[in-house]
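Examining the three-dimensional arrangement
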Amino acid sequence: MNWFKSAFSQSTLKREQKKCNALYREQAPRLFRCLLAKGHLPSLAEEVLNEAFLVYWEKFHAPVVLGEEPPKSLEEPHAWLLRVAHNKAIDARRRAIVAQEAQNRLEEGASSQVLLRDEPLIHREMLYQVFELLGKRDTELLTLRELKGLSYDEIAQQLSLEKGSIGTLLRRARKSFHDKYQELLDDALTSNKKVG
Amino acid sequence: MSNELDRWQTYLDGELSLQAKKELEREFAEKPNQHKDFLVFQSRYNEIDSFFNIMREDQRFFDVESSLKSIQSGLTVEPKTQSSWSWMNTWIKGPFGVAVAGAFVFLMVHLGVFSPDKSQKDAGVHHPLHQHQPVISAKWRVKGSPLQMLHQYKGEDTSAQTHNGTLLRPGDFVQFAFAVSEPIHLMVVSIDVKGNLSRYVPLNYTKSILLKVGKGVLPKGGAIELDDSLGPEIFVVLASKVPFTYPQLQKAFKAAYPRYQKTPKKLFFAKGTPWHVLQTLRIHKVKQLKKETR
């Protein structure tokens, strides 16, 4: 009986791993961007993203392999994964702050200021926030051109568009990106002034 | 004008045909005002490009395939946590249950797949769901005494070695000093009296930290402030030849804790896991510290 049980478990395991891997390939790049938009460092974003996927596996795939009733599958795994990853990142940052403060106290004359969110990081955070604010078409265009480096021909093919229209659409997407970035920057400067 | 802007952008993107490119450059030479406008456009184009440069760097940092590879060892299940028939639940429940059961009986009776001989032969065969991972080689050792835990009382300047039974207070600091003769992946966790597991090293990441040959302290260039929980707390140092993750540890701990709460060395044991419990150390956290107890 064991051989059959094992073969069944192995094939279920492989099937569930395949599903989980497909979800990872589909969701991870956007989740990574969203975590950066929330102000997390790339290294931390990657760690918590992976941790969230392991939690997702435990909750939604492992029970299937074990022959148990899994919870109802999520319609929007992206939102669930982002929430779990973000919470984990907050926890990690909180622990890092405690460690940093402890270190400052240990070092004689050390500044008590905890610098975990410096200027370049805030700048990066805003860039990703802008990316999330853009329309779907603009995001697709900018991802393909600016992040993946595709040519106009390749973009036209991938998005089923006329090659002649790519330049115009890209220019508008870039302008929209720049305008939204400027808006966020102005807002940040205004709120800083108020705080000051 | 927008047609002109599109042309300029296509030019800057390097997507204009050779002929169109030459024509545009000729226009710039002939019409200085147009060229001036183009330069303004180009500076904004460069500014936006610099934003994307940051994002391109992040993209390079995050490689989906290699990152996905790193979590594969976690995509497993704990074997033998089910009853001998519960694995079939998903098959025998629902409308297909009868058909599946019929097919199963057919296999057993007519094909002789489940003959007594075969069954006996397979009974002792183990089919691990985890991949085998290398364990620490016998050659690996910590020079001198094993990894040392050090503590510093809040408000004091000197540190001391922590021993089993050392009394510490919330807010005191701890640090780990090591000397290794071979690269090793390490993680330090603690278990409080309520059975809560916390990660101490590494603090910011869930993947084990790689110690290179030599001496050092953990956390690198820092110390850890003890939290507010009181009572006994056990620090467990886990080491491995290959990287491992905190979720893997949590999983093994969850499974072993009910059985081995009194034997910390066995708390993280699970088949196929790469780590090895290098050291355990029990401290006692109290609210106040009497001078004579130090």
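Residues numbered from 1 in each chain as written. Chains lettered and ligands numbered in written order. Predicted model: local features only at pLDDT ≥ 70, side-chain atom pairs only at ≥ 80, totals over all residues.

Turning our attention to the overall build of chain B. Looking only at helices and strands, one finds 8 helices and 11 strands in chain B. Per-residue burial over chain B gives 24% buried out of 294 residues. Within chain B, counting contacts between residues at least 6 apart in sequence, those at least 24 apart form 71% of the total. (Helix = DSSP H or I, 4+ residues; strand = E, 2+ residues; numbered from the N terminus. Buried ≥ 20, exposed ≤ 12 C-beta atoms within 10 Å, placed from the backbone. Contact = placed C-beta atoms within 7 Å.)

Here we come to the overall build of chain A. If you tally the helices and strands in chain A, you get 7 helices and 0 strands. A burial count over chain A gives 32% of its 196 residues as buried. Sequence-distant contacts, at least 24 apart, represent 64% of the contacts inside chain A between residues at least 6 apart.

This part is about the nonpolar core. In globular proteins that are soluble, nonpolar side chains generally tend to be buried together. Within the largest apolar cluster, 45 residues are counted, with the highest numbers of intra-cluster contacts made by A:Leu35, A:Val48, A:Leu49 and A:Phe53. For this core, the elements supplying multiple residues, two or more each, are helix 1 (2-37), helix 2 (42-65), helix 3 (77-106), helix 4 (119-133), helix 5 (136-147), helix 6 (152-159) and helix 7 (163-195) of chain A. Among the elements that line this core, the one with the most residues is helix 2 of chain A, at 12 residues. Both domains that meet at this core, namely domain 1 (1-116) and domain 2 (134-196) of chain A, each give it at least three residues. When residues no more than four places from it in sequence are discounted, the contact partners of A:Leu35 are A:His40, A:Ala45, A:Val48, A:Leu49, A:Ala85, A:His86 and A:Ala89. Of all hydrophobic cores here, the second largest spans 37 residues; its members include B:Met187, B:Leu226, B:Phe235 and B:Tyr246. (Core = buried A, V, L, I, M, F, W, Y, C linked by C-beta atoms within 7 Å. Domains from an automatic or database assignment.)

Okay, the environment of B:Arg7 next. Residues and elements named next belong to chain B. Considering the arrangement of structural elements, one finds Arg7 in helix 1 (residues 2-12). Judged by the 19 C-beta atoms lying within 10 Å of it, Arg7 is partly exposed. In sequence terms Arg7 and Lys21 are 14 residues apart; their C-alpha atoms lie 9.3 Å from each other.

Two elements in contact, helix 2 of chain A and helix 4 (residues 64-71) of chain B, have axes separated by 10 Å at closest approach and are oriented at 50 degrees. Relative to helix 4 of chain B, the element helix 2 of chain A lies oblique. For the pair helix 2 of chain A and helix 4 of chain B, the crossing hand works out as right-handed. Contacts between helix 2 of chain A and helix 4 of chain B involve A:Glu46, A:Asn50, A:Phe53 and A:Leu54 from the former and B:Ser67, B:Ser70 and B:Ile71 from the latter. Counted by class, the contact of helix 2 of chain A with helix 4 of chain B contains 3 nonpolar, 3 polar and 1 charged residues. (Axes fitted to C-alpha atoms, helices over the stretch in contact; angles between N-to-C directions. Parallel < 35°, antiparallel > 145°, perpendicular 65-115°, else oblique. Left-handed = near helix turned anticlockwise from the far one by under 90°. Nonpolar A, V, L, I, M, F, W, Y, C, P; charged D, E, K, R; others polar.)

Right, let's get into the packing of helix 1 of chain B against helix 3 (residues 32-61) of chain B. All names here are of chain B. In the contact formed by helix 1 and helix 3, the axes pass within 11 Å of each other and the chain directions differ by 55 degrees. One way to sum up the angle between helix 1 and helix 3 is to call them oblique. At the point where helix 1 passes helix 3, the crossing takes the right-handed sense. Counting all contacts with helix 1, which are made through Leu5, Trp8, Gln9 and Leu12, the residues of helix 3 involved are Phe38, Phe41, Gln42 and Tyr45. Tallied by class, residues from the contact of helix 1 with helix 3 come to 6 nonpolar, 2 polar and no charged.

Time to look at helix 2 of chain A. Residue and element names in this part refer to chain A. Here helix 2 spans 32 Å end to end across 24 residues, near enough to the 34 Å set by a 1.5 Å rise per residue. By the largest-angle criterion, Glu58 marks the main kink of helix 2, which is about 40 degrees. Of all 24 residues that make up helix 2, 17 are buried, and the element is covered over most of its length. One or two positions beyond helix 2, positive phi appears at Gly67, with a value near 75 degrees. (Expected span 1.5 Å × (residues − 1). Bend = angle between axes of the 7 residues up to and from the residue.)

Let's shift gears to the confidence of the model for chain B. Low pLDDT marks stretches whose predicted atomic positions should not be read closely. Residues and elements named next belong to chain B. The predicted model of chain B averages 72 in pLDDT, with 70% of residues at 70 or higher. Within chain B, no element has a lower average pLDDT than helix 7 (residues 116-123), which sits at 35, and none a higher one than helix 2 (residues 18-30), at 93. Low pLDDT (under 50) marks residues 80-96, which in the prediction has 19 contacts with non-local residues, meaning those over four places away or in another chain. This stretch, residues 111-144, has a pLDDT under 50; its non-local contacts, to residues over four places away or in other chains, come to 50 contacts. Interface scoring of the predicted complex returns ipTM 0.70; its pTM is 0.48. (pLDDT = per-residue confidence, 0-100.)

This part takes up the pairing of strand 10 (residues 231-240) of chain B. Residue and element names in this part refer to chain B. For strand 10, the buried fraction is high: 7 of the 10 residues fall into the buried class. In terms of strand pairing, strand 5 (residues 184-192) meets strand 10 through 8 bridges, oriented antiparallel. Its bridge partner lying in strand 10, Leu186 is registered against Ala239. When strand 10 meets strand 11 (residues 276-285), the two strands line up antiparallel, connected through 9 bridges. Pairing of Ala239 across the sheet is with His276, part of strand 11. (Pairing = 2+ DSSP bridges.)

Within chain A, residue pLDDT values average 80, and 79% of them lie at 70 or more. Predicted confidence for residues 108-119 of chain A stays below pLDDT 50, and this span has 12 contacts to residues more than four positions away or in other chains.

The next thing to look at is the environment of A:Arg172. Residues and elements named next belong to chain A. Structurally, Arg172 can be placed in helix 7. Looking at Arg172, the number of C-beta atoms within 10 Å reads 17, which means it is partly exposed. C-alpha separation for the pair Arg172 and Asp138, spaced 34 residues apart in sequence, amounts to 8.1 Å.

Here the focus is the environment of A:Ala156. All names here are of chain A. Along the chain, the position of Ala156 falls in helix 6. Put simply, Ala156 and Ile166 are 10 residues apart on the chain and 6.8 Å apart in space, counted from C-alpha to C-alpha. In contact with Ala156, other than residues within four places in its own chain, are Leu161, Glu162, Lys163 and Ile166.

Here B:Val201 and B:Pro202 are connected by a cis peptide whose omega angle stands at -5 degrees. Take B:Pro202: it is sitting in the loop between strand 6 (197-201) and strand 7 (209-211). If you check the backbone angles, A:Ser160 has positive phi at about 50 degrees while not being a glycine. When you line up the elements, A:Ser160 lands in the loop between helix 6 and helix 7.

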